[in-house]
Amino acid sequence: KTKKMAERKSQQKYYPPEWDPSKGSINKFVGQHPLRERASKLHLGILVVRIEMPFNAWCEGCKNHIGRGVRYNAEKRQIGNYMSTKIWAFRMKCHLCDNYMELHTDPKGRDYVCASGVKRKVETYAAEDAEAIGLTEKEEKEKLNDPFFKLEHQEEDKAKALSEFDRLQQIHATQNILYKDDYSNSQLLRANMRTKKKELRKDRHQLRHKHITIPLPLAETKEDKEIASKTSFGIVKSAEEKLQSQRKQIVQSSIFEKKVLAPKKQILKKPILHLPDSSIFLPLKKKTNVPSF
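Everything numeric in this text was worked out from a predicted model, so none of it was measured.

Trainee: Explain the overall build of the chain to me, please; I cannot follow it from the model alone.
Mentor: Check the secondary structure of the chain and you find 8 helices and 10 strands. Buried residues in the chain amount to 10% of all 293 residues. Excluding contacts between residues fewer than 6 apart, the proportion of contacts in the chain whose partners are at least 24 apart in sequence is 29%. When the accessible surface of the chain is summed, it comes to about 28000 Å², and 55% of that surface belongs to carbon and sulfur atoms.

Written as structure tokens, this is what we have:
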């Protein structure tokens, strides 16, 4: 049987023969902290932790860009308090140069502050450009505290809710039908995916069987099948098939059937020349060059 991770860890620890439970934990007996090298500066109030860069920034040492989410081993220490919340400082080394960067937490602004060695990249945008809902302005917030303004808007909201009641009920009913039974929706989706995978596997098998190496962009339809069934191609027979068909014809033919002789070759006669002054036809002879003396 496979052992659990906790059982393996407990069994793989080394306990020296001079140790016994009365002397405390094994870490205390060896003189080592459970966090090992991470707690090497714990007497100075520094603990090494893993931290991600919380925003896009620029290193002031090598002037390179550091993306949000880049991880570092940082020295964490407390530098103060805001009310009852501790303010922490994180000191880490740039992964592209020897420059050290330091960030401080800002509990009041619920953000991080660049203390030294790093400069934050300013990224400002309008709510309309980001297609987000803009926050209410200060004047509108003050109006919402006005009882008369609130009463007028409450009456408008009630009238709008009554006019849109039927449409809202229809939307709620549609949402309940579509998303109430999550298990059935997931089951239907997976069944459709399995059917599509089977069809793709079948198409690949047919292409491989037909020795087609390129994927076809269109699927096979009924019209394609009808056109293909009506199309006929010449059948190419092998030499053995031709020999068998000839033997079959000889066996099936009658022995009393008359043989058809092949027509004789026609011999072309030389053209004759018609002489108007004579009643005979002389054959045309080749013209010969008579030497002159």
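Trainee: Any chance you could explain the sheet that holds strand 2 (residues 57–59) here in plain terms?
Mentor: The strands making up a sheet associate through hydrogen bonds between their backbones, and the pairing can be parallel or antiparallel. On the basis of which strands lie adjacent, the open sheet formed by 3 strands has the order 3-2-8 and antiparallel pairing. Each edge of the open sheet is held by one strand with a lone partner, namely strand 3 (65–66) and strand 8 (118–120).

Trainee: Sorry if this is basic, but what is going on with the sheet that holds strand 7 (residues 111–116) here?
Mentor: Sheet architecture is open: 5 strands sit in the order 1-4-5-6-7, paired in antiparallel fashion. Only two strands of the sheet have a single partner each, and these edge strands are strand 1 (47–52) and strand 7. The sheet shows a mean angle of 40 degrees between the axes of neighbouring strands, taken without regard to direction. In the sheet, strand 4 (residues 71–82) pairs with strand 5 (residues 85–93) via 7 bridges, with the strands oriented antiparallel. From the neighbouring strand, N81 faces strand 5, where its bridge partner is K86.

Trainee: Would you take a moment to explain a positive patch on the surface for this structure?
Mentor: A cluster of like positive charges, contributed by R190, R194, K197, K198, R201, R204 and R208, occupies part of the molecular surface. On the secondary structure map, R194 appears in helix 6 (residues 182–209).

Trainee: In this structure, what is going on with the pattern of salt bridges? I would like to understand it.
Mentor: Oppositely charged side chains may form a pair once their charged atoms are brought near each other. Enumeration over the complete set of coordinates arrives at 6 salt bridges. Residue E75 is joined to K41 by a salt bridge in which the shortest nitrogen-to-oxygen separation is 2.9 Å. Residue E75 is located in strand 4, and its partner K41 is located in the loop between helix 2 (26–30) and strand 1; the two are separated by 34 residues in the primary sequence. The class of E75 is buried, set by a relative accessible area of 19%.

Basis of the calculations
- Residues numbered from 1 in each chain as written.
- Predicted model: local features only at pLDDT ≥ 70, side-chain atom pairs only at ≥ 80, totals over all residues.
- Heavy atoms only, no water.
- Helix = DSSP H or I, 4+ residues; strand = E, 2+ residues; numbered from the N terminus.
- Buried < 20%, exposed > 50% of the residue type's maximum accessible area, 1.4 Å probe, protein only.
- Contact = heavy atoms within 4.5 Å.
- Areas by Shrake-Rupley, 256 points an atom, 1.4 Å probe, with all protein chains shown as cover.
- Pairing = 2+ DSSP bridges.
- Axes fitted to C-alpha atoms, helices over the stretch in contact; angles between N-to-C directions.
- Patch = residues over 30% accessible without salt bridge, like charges linked within 9 Å, V, L, I, M, F, W, Y side chains within 5 Å.
- Salt bridge = Lys/Arg side-chain N within 4 Å of Asp/Glu carboxyl O.
- Lys, Arg positive; Asp, Glu negative; His and termini not counted.
- Charge placed at Lys NZ, Arg CZ, Asp CG, Glu CD.

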